[in-house]
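# Topology and contacts: notes
Okay, here's what each chain looks like letter by letter:
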Amino acid sequence: MKATAADILIDTIYDWGVEVIFGLPGDGINGIMEALRKRADKIRFVQVRHEEAAAFMACAYAKYTGKLGVCLATSGPGGIHLLNGLYDAKLDGQPVLAITGLQYHDLINTHSQQDIELDKLFIDVATYNARVMGPAHVENVADLACRTALAYRCVSHVTIPVDMQVMEVERQRSPRNVPHHTSDAFARGARTPPEADIQHAAEILNAGKRIAILAGRGALGASDELEQVAEILGAPIIKALLGRAAVPDDSPYTTGTIGLLGTRPSQDAMEACDTLLMAGTSFPYIEFLPKPGKARAVQIELDPMRIGLRYPVEVGLVADSRNALQSLLPHLNRNEDRRFLQDAQKGMADWRELMEERASRMDKPMKPQVIASELGKRLLDTAIVSADSGTVATWWARHIPVRRGQMHSLSGNLASMANGLCYAIAAQIAYPDRQCIAFVGDGGFSMLMGEFATCVKYQLPVKVFVVKNNTLGMIKWEQMVFLGNPEYGCDLHPIDFAAFAHACGGVGMTIEDPHDCGRIVEQALNTPGPVIVQAVVDPFEPPMVPKATLKQVAGLAQSLLRGEPNREKIMATILRDRVREII
């Protein structure tokens, strides 16, 4: 039996190292599903409950492994559902291949069912975006799609009409389409900066007195080099959220994260520095960077387009962070004035003490910091922690410390809700022997919580910790603090997530009393199979910014005066928290 177009498609991506595909069957991809069935011993097909989850999983698989993530969806609505997860991959620079079906090739644009030209729909999200024009076209397109996604760390999309999927490949080949003229050999660029740029960058860093390092996701593989540079320059390492695991949180050089979810010492260091080294980051919140012209800057970035994107740097080193830092190290002089680093270290010690105080409160309702802290204390050194977006990301960033050997991530630049569980599933499939955690809010989790059934179906021992406050917390506080408006439309109808876990065939637990928190977390982590723990927390605990501005304080006051429905409880919580910190 001759190979079909779908056979060639799956064989080609297998040659590129694809071992897992996340997706949902549909009649628009029946030929592809048959090709996967025949190759089940080579490529694992993971059935999801929603195509958006498949795209999130493909993105997370790429983040956690460095390999090509692949998702599959049917024509029409199935392909449309992929978009959110694919934008997550695009904005966080992850190599993902999306495969979709199309209507019969001779019925496209004739108002037939599910007649949506997905290649046109995906124009913005996909760097490589191709519609298969015939069975002999498949190999060429699939090779280029995989190569582009991996080379440029981007999204590729291949869509193929349903009838073409089962057509034999040897028919209707054009004269110039010589069989097997493409290749699955992938070439990686060395990306070594010119020596003159290295020298110039070193001169700037050596001239600095108060040097700060901002590390992002591009520096995740450069932990040792970051700490070596920090030691030589006396420079605190400030971390963007996607770069949280660039150095462990117990490193004497780091002040933790920056931004609304960051730490006060990070903000202090950023405001006081006279020199800034940006490694593998294009951190989007310009307001947290030094004012333009206040600090001299060097940036290390793989994508030359992003050099100087956020800050007027003097030198851009287009290179992998690890390679660039290794090239810089021999040219750096030790900064004998250690006061800037020592001030940052003292500030971090005070910050950790404050975070510990907030996480050790035994008030009821339970503070969200408690569940984050109790979980963080019990994670293995090889744990993979996936956080969702919202106030839950604040507790993850501040109270679940990153240890050396762990991986942590979330939807960074897209900041989408509902990614947390999907990320954890992908991590568990990629690393079946590692502890994989989803740390999520009730708002984000409820969007795609059907994927917990995916955990049960495949017996993935993912542990899901739901911070349950029955509100869209981040939106609520943004309405009040940034706009000065009373909260509106943010309250959520309560869901019993523990009961839901049991209904799916998993295990569900509930924490309401902070005195029980550590014990139940320990029990959950030691329970075989998938588990949901719902931690019922105080909905009025604010995710306080590291340094509140007068405008933010005024915004909160204005929202309370304008009729915030929970103003008494909010004021009581803030006042009580502040008094405790002073005492």
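The structure this text deals with has already been given above.
Overview of the structure. (Residues numbered from 1 in each chain as written. Predicted model: local features only at pLDDT ≥ 70, side-chain atom pairs only at ≥ 80, totals over all residues. Heavy atoms only, no water.)

### A short note on the overall build of the protein chain
How we decide: Helix and strand definitions follow DSSP, with helices as H or I runs of at least four residues and strands as E runs of at least two, each counted in order from the N terminus. Only the C-alpha atoms count toward the radius of gyration. The rule for a globule is 2.2 Å times the residue count to the power 0.38. Any residue under 20% of the maximum accessible area for its type is buried, any over 50% is exposed, and the rest in between are partly exposed; the area is computed with a 1.4 Å probe on protein chains only. Per-residue and other accessible areas follow the Shrake-Rupley method at a 1.4 Å probe size, with only the shown protein chains counted as cover for residues. Positive: Lys, Arg. Negative: Asp, Glu. His and the chain ends are not part of the count. Lysine's charge is taken at NZ, arginine's at CZ, aspartate's at CG and glutamate's at CD.
A tally of helices and strands in the protein chain yields 22 helices and 18 strands. For the protein chain, the C-alpha radius of gyration of 25 Å lies close to 25 Å, the compact-globule estimate for 583 residues. With respect to the principal axes defined by its C-alpha atoms, the protein chain has extents near 80 × 60 × 45 Å. When each of the 583 residues of the protein chain is scored for burial, the buried share is 57%. Counting every atom, the protein chain has about 23,700 Å² of accessible surface; 54% of that belongs to carbon and sulfur. Separation between the mean location of the 59 positive side-chain charges and that of the 67 negative ones in the protein chain comes to 2 Å.

### Let's talk about unusual backbone geometry
Here lysine 364 and proline 365 are connected by a cis peptide whose omega angle stands at 0°. Positive phi outside glycine occurs at glutamine 459, with the angle close to 50°. Mapped onto the secondary structure, glutamine 459 falls in the loop between helix H17 (452–457) and strand S16 (463–468). On the accessibility criterion, glutamine 459 (52% relative accessible area) is exposed. Despite not being glycine, asparagine 470 shows a phi value in the positive range, around 60°. With respect to the helices and strands, asparagine 470 occurs in the loop between S16 and helix H18 (473–481). With a relative accessible area of 24%, asparagine 470 lands in the partly exposed category.

### So, the nonpolar core
Note the cut-off: Throughout, nonpolar core names a set of buried Ala, Val, Leu, Ile, Met, Phe, Trp, Tyr and Cys residues whose side chains join them through atoms within 4.5 Å. It only takes one pair of heavy atoms within 4.5 Å for two residues to be counted as in contact.
Judged by nonpolar contacts, the single largest core of 59 residues is most densely connected at Phe22, Cys71, Leu86, Phe445, Phe452, Val464 and Ile532. It is helix H3 (residues 51–65) that provides the largest number of residues to this core, a total of 11 residues. Not counting residues within four places of it along the chain, the set of residues in contact with leucine 86 comprises Ala55, Cys71, Val96, Ala98, Phe122, Val125 and Val155. The next biggest cluster of nonpolar side chains, apart from the first, holds 35 residues, and it includes Ile8, Phe45, Leu68 and Ile160.

### Structural notes on the pattern of salt bridges
Rules: When a carboxyl oxygen of Asp or Glu is within 4 Å of a side-chain nitrogen of Lys or Arg, the pair counts as a salt bridge.
Scanning the model with the defined rule gives 32 salt bridges in all. Notably, a salt bridge pairs arginine 39 with aspartate 7, separated by 3.0 Å at the nearest N-O pair. Pair noted here: arginine 39 is in the loop between helix H2 (30–38) and strand S2 (44–47) and aspartate 7 is in helix H1 (residues 5–15), with a separation of 32 residues, a long-range link. Using a relative accessible area of 5% as the deciding quantity, one classes aspartate 7 as buried.

### Considerations on the packing of helix H8 (residues 195–207) against helix H11 (residues 321–328)
Note the threshold: Simply put, an axis is a line fit to the C-alpha atoms, just over the touching stretch for a helix, and the angle between two N-to-C directions goes from 0 to 180 degrees. Note on angle classes: values under 35 degrees are labelled roughly parallel, values over 145 roughly antiparallel, values of 65 to 115 roughly perpendicular, and the remainder oblique. In this classification, the charged set is Asp, Glu, Lys and Arg, the nonpolar set is Ala, Val, Leu, Ile, Met, Phe, Trp, Tyr, Cys and Pro, and all remaining amino acids, among them Gly, are polar.
Look at H8 against H11: their axes get within 10 Å of each other, and the N-to-C directions meet at 70°. In terms of orientation, H8 and H11 fall into the roughly perpendicular class. Side by side, H8 and H11 meet where Ile198, Ala201, Ala202 and Leu205 of the first sit next to Ala324, Ser327 and Leu328 of the second. Grouping the amino acids of the contact of H8 with H11 by side-chain chemistry returns six nonpolar, one polar and no charged.

### A look at the packing of aromatic side chains
Here is the rule we go by: Paired rings are identified among Phe, Tyr and Trp, the last through its six-membered ring, by centres lying within 6.5 Å, and are further divided according to the angle between planes into stacked (under 30 degrees), edge-to-face (over 60) and tilted (the rest). Charges are assigned to positions over rings by a cutoff of 6 Å between ring centre and Lys NZ or Arg CZ, combined with an angular limit of 35 degrees from the ring normal.
Counted by the stated rule, this structure contains six aromatic pairs. With a centroid separation of 5.4 Å and an interplanar angle of 70°, the aromatic rings of phenylalanine 445 and phenylalanine 497 are classed as edge-to-face. Note that phenylalanine 445 is positioned in helix H16 (residues 442–447) and phenylalanine 497 in helix H19 (residues 497–504), a separation of 52 residues in sequence. Cluster of aromatic residues (ring-pair linked, three or more members): Phe56, Tyr64 and Tyr423. Directly above the ring of tryptophan 396 sits arginine 244, whose terminal nitrogen or CZ lies 4.6 Å from the centroid. Stacked on the ring of tyrosine 458, the Lys or Arg lysine 457 has its end atom at 5.5 Å from the ring centre.

### Observations regarding the side chain of aspartate 442
Of note, aspartate 442 is situated in helix H16. Once residues within four sequence positions are removed from consideration, aspartate 442 is found in contact with Val466, Val467, Lys468, Asn469, Asn470, Thr471, Leu492 and Phe497.

### Topic: the sheet that holds strand S7 (residues 211–215)
Rule in force here: Two strands qualify as a pair provided DSSP detects at least 2 bridges between them.
The strand order across the open sheet formed by six strands is S9-S8-S7-S10-S11-S12, and the pairing between neighbours is parallel. Looking at strand neighbours, the two that pair on one side only are strand S9 (254–257) and strand S12 (315–318), the edges of this open sheet. With strand direction ignored, the average angle separating the axes of adjacent strands in the sheet is 15°. Strand direction decides the pairing type here: S7 and strand S10 (residues 275–279), joined by five bridges, are parallel. Its bridge partner lying in S10, isoleucine 213 is registered against leucine 277. Sheet strands in contact with helix H9 (residues 223–233) are S7, strand S8 (237–239) and S10, and its direction is about 170° off that of S7. Lying on the sheet, helix H10 (residues 264–272) is in contact with S7, S8, S9 and S10; it crosses S9 at an angle near 110°.

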